[in-house]
Amino acid sequence: MIILEKAPASLKGELSRWLIEPKAGVFVGNPSSRVRDEIWARAAGRIGEGSVVQIWSDHTSPQDYRYRCAGRPERGLIDLEGIALVR
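Throughout this document, residue positions are counted from 1 along each chain, in the order its sequence is written. Only residues with pLDDT of at least 70 are given local features in this predicted model, and only at 80 or more are side-chain atom pairs given and counted; all residues enter the totals for whole chains, interfaces and linings. Just so you know, side-chain values use all the structure's heavy atoms and leave hydrogens and water out.

Undergrad: Hey, could you run me through the environment of Ile-55 in this one?
TA: Elements are defined by DSSP. Helices are runs of H or I of four residues or more, strands are runs of E of two residues or more, and each kind is numbered from the N terminus. In this structure, Ile-55 sits in strand β4 (residues 51–57). Each residue is assigned to one of three classes by its accessible area relative to the maximum for its type, calculated with a 1.4 Å probe on protein chains only: buried under 20%, partly exposed between the two thresholds, exposed over 50%. Overall, Ile-55 belongs to the partly exposed group, its relative accessible area being 25%. Linking Ile-55 and Cys-69, residues 14 residues apart in sequence, is a C-alpha distance of 9.0 Å. In this view, Ile-55 contacts Met-1, Tyr-65, Arg-66 and Tyr-67; residues no more than four positions away in its chain are not counted. Any two residues whose heavy atoms approach within 4.5 Å are treated as being in contact.

Undergrad: What's the story with the pattern of salt bridges in this structure? I'm lost.
TA: Should the charged atoms of two oppositely charged side chains come close, the side chains can pair. A side-chain nitrogen of Lys or Arg and a carboxyl oxygen of Asp or Glu constitute a salt bridge if their distance falls within 4 Å. Across all of its chains, the model carries 7 salt bridges by this definition. Two residues, Glu-38 and Arg-42, come together in a salt bridge whose shortest N-O distance is 2.8 Å. With Glu-38 and Arg-42 both in helix α2 (residues 33–46), this residue pair falls 4 residues apart, about one helical turn. Residues joined in a network through salt bridges with shared partners are Glu-14, Glu-38, Arg-42 and Arg-46.

So, in structure tokens, the structure goes:
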């Protein structure tokens, strides 16, 4: 899953090649880890003044998912001893 805020339309179009957009700025799919990392590199590199959050399943983490953020989100995620919290 990727969530975009204030993202360029061209980035949204590029993400729609691999993921579906059920709601504006929210992209969902199940790509391989290699494709997930490539999608992240493109999204984080082109977000500009907006923000991007990527969340994916990982059964080795305490919450069964991992995340990463780039840009300036209105609501940010922070890691507190391995637990993701919204600030």
